[in-house]
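Survey of secondary and tertiary structure
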Amino acid sequence: VQLQASGGGLVQPGGSLRLSCAASGIMFRISDMGWYRQAPGAEREFVATITSGGVTKYEDSVEDRFTISINNAEDTVYLQMNDLKPEDTAIYYCHVVESGLNTDYGYWGQGTQVTVSS
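Let us now look at the nonpolar core. Counting 28 residues, the largest nonpolar core has Trp35, Val47, Phe66, Ile68, Leu79, Met81 and Tyr92 as its most contacted members. Mapped by element, the contributors of at least two residues to this core are strand 1 (2–6), strand 3 (17–24), strand 4 (29–38), strand 5 (45–51), strand 7 (66–71), strand 8 (76–81), strand 9 (90–99) and strand 11 (112–116). The contacts of Met81, once residues within four sequence positions are left out, are Gly15, Ser16, Leu17, Leu19, Arg65, Phe66, Tyr92 and Val114.

In C-alpha cells, the structure reads:
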C-alpha cells in the first residue's frame, strides 16, 4: 500500500490549505482514513479521522476550522484547513486503516509540510 499526500505549503495566518492523500495498492477495504501532524520537537498528534461511512472525529483545537472528507471510490482523504494559525505549522501525515479478513492494517504516508507564517 502506498499513500501519496499533497497540498502542503506556506500560508499566512488566517489562510487556507487543502491536503489530499490517495491510497493505492489496497487489497481489502479501507475502514478509516485520517490525518496526524508533528511539529518540530514534538510528538506526532492526532488531527482528524473519518470512517468509510463518513463518521468524523477532530482534535479540539481544529474542530471549528478543519474539515475532513473522504472519496471512497478513489480511496482518497482530504483535509480542508481554514483560518490557519502559526501553531498549525507541522508535517502532516495521512494514515489509512485497511480491514482485512481477520485483522486491520495501518499505513502511513510520507508527510507534507504545512507552514503558517507571516
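Right, let's get into unusual backbone geometry. Trans is the common state for peptide bonds, and a negative phi is the common state for residues other than glycine. Phi at Asp75 is positive, roughly 50 degrees, even though this residue is not glycine. In this structure, Asp75 sits in the loop between strand 7 and strand 8. The residue Asp83 is not glycine, and still its phi comes out positive at about 50 degrees. Mapped onto the elements of the fold, Asp83 is located in the loop between strand 8 and strand 9.

Attention now moves to the packing of aromatic side chains. Applying the stated criterion to the full structure yields 2 aromatic pairs. Ring pairing ties together the aromatic residues Tyr36, Phe46 and Trp108, which thus form one cluster. The ring of Tyr78 carries Arg18 above its face, with NZ or CZ at 4.1 Å from the centroid. Taking NZ or CZ as reference, Arg44 lies 3.7 Å from the ring centre of Tyr93, over its face.

Turning to the sheet that holds strand 8, a few remarks are in order. The strand order across the open sheet built from 4 strands is 1-3-8-7, with neighbouring strands paired in antiparallel fashion. Looking at strand neighbours, the two that pair on one side only are strand 1 and strand 7, the edges of this open sheet. On average, each strand axis in the sheet is inclined to that of its neighbour by 15 degrees, with strand direction left out of account. With 6 bridges joining them, strand 3 and strand 8 adopt antiparallel strand pairing. Bridging from a neighbouring strand, Ser20 pairs with Tyr78 of strand 8.

This paragraph deals with a nonpolar patch on the surface. Where nonpolar side chains cluster on the molecular surface, the patch consists of Met27, Phe28, Leu101 and Tyr105 and spans about 490 Å² of accessible area. Tracing the backbone through its elements, the reader meets Tyr105 in strand 10 (residues 104–108).

About the criteria used
Residues numbered from 1 in each chain as written. Predicted model: local features only at pLDDT ≥ 70, side-chain atom pairs only at ≥ 80, totals over all residues. Heavy atoms only, no water. Core = buried A, V, L, I, M, F, W, Y, C linked by side-chain atoms within 4.5 Å. Buried < 20%, exposed > 50% of the residue type's maximum accessible area, 1.4 Å probe, protein only. Helix = DSSP H or I, 4+ residues; strand = E, 2+ residues; numbered from the N terminus. Contact = heavy atoms within 4.5 Å. Phe/Tyr/Trp six-rings, centres within 6.5 Å; stacked < 30°, edge-to-face > 60°. Lys NZ or Arg CZ within 6 Å of the ring centre and 35° of its normal. Pairing = 2+ DSSP bridges. Axes fitted to C-alpha atoms, helices over the stretch in contact; angles between N-to-C directions. Patch = residues over 30% accessible without salt bridge, like charges linked within 9 Å, V, L, I, M, F, W, Y side chains within 5 Å. Areas by Shrake-Rupley, 256 points an atom, 1.4 Å probe, with all protein chains shown as cover. Salt bridge = Lys/Arg side-chain N within 4 Å of Asp/Glu carboxyl O.

Read these as layout, nothing more, since geometry by itself doesn't imply function.
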